[in-house]
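# Overview (structure and organization)
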Amino acid sequence: MRIGRVFGVFFACGLVAGCTATRIEGGASEVDLSAVLFGSISGGYKDELAADRRRRAERLQIAEKLEVRLEGWLAALDRWGGNDVVSLEIDRFRLPAVARGLTAGFKGNDYLGVEVTVMRDAVAVVAFHAEHQLGAGDRSVTANYSANAALTQLVDSVAWAVLLELTPPKMRKPVFEIGKAAEVPKAIQLLEECGELSYAESLGFVAKGLIPASIAAGAETRRLKRALGGDLPKCY
């Protein structure tokens, strides 16, 4: 079984200079995830993560923050309380210690990448890589001025990407509701492109720098097209 591939086009921005994007690689699963109940999450750091990046990540408790966020969301979806184990190993991380302010565009991209494995009876049944990048000059208003806000967006974006990848399409509606409430940029962009946001909602997210105005401009057209059964991507 392969999950998450329907969203490949939405993650196509990849990790290019100046671009805020989420990327999933892999995604092969040997189990039906609709019946999976997770019981624990283990977080850590890969050996290839540079020593200075690892020290900073450990000081910021990145692994712990990912664990807490993902567990809370899985519990909210009634997918917690089983025996399957999620392993989150951070292998890419960059985030300056101070706010970027108006010089963000000159300081490069921030990013957080994690290798994800689901273990069942000591056997890996799911494996993929999730990564989110905050573009140097393309990020939300708060993430541009606050290192703490940028950190929260990195953690939430990666945790949400993992949650989405661990959820079959037929069960994804509440996953998108979670992403929308947490203001995860990728969740909002996907909902917009699927025709699930009103024009008023879109304008609110534009004001926060979460989606570009050019995308929001077609919100009502997409909503009408979806209502009439037009050809739009499906979020769930």
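Quick note: structure is the one above.
Below you will find a few notes about this structure. (Residues numbered from 1 in each chain as written. Predicted model: local features only at pLDDT ≥ 70, side-chain atom pairs only at ≥ 80, totals over all residues. Heavy atoms only, no water.)

## Here we look at the nonpolar core
Membership of the largest hydrophobic core comes to 58 residues, with the highest contact counts inside it found for W160 and V162. For this core, the secondary-structure elements that each account for two or more residues are β2 (38-45), α2 (62-76), β3 (80-94), β4 (110-120), β5 (123-134), α4 (147-165), α5 (173-181) and α6 (185-193). With 11 residues, the top contributor of residues to this core is α4. Apart from residues lying up to four places away in sequence, W160 is in contact with W73, V175, F176, I178, G179, V184, K186, A187 and L190. (Core = buried A, V, L, I, M, F, W, Y, C linked by side-chain atoms within 4.5 Å. Buried < 20%, exposed > 50% of the residue type's maximum accessible area, 1.4 Å probe, protein only. Helix = DSSP H or I, 4+ residues; strand = E, 2+ residues; numbered from the N terminus. Contact = heavy atoms within 4.5 Å.)

## Let's talk about unusual backbone geometry
Of note, the phi angle at D121 is positive, near 55°, even though the residue is not glycine. Structurally, the position occupied by D121 is in the loop between β4 and β5. If you check the backbone angles, E183 has positive phi at about 55° while not being a glycine. The residue E183 is located in the loop between α5 and α6 in this model. Given the relative accessible area of 28%, E183 is considered partly exposed.

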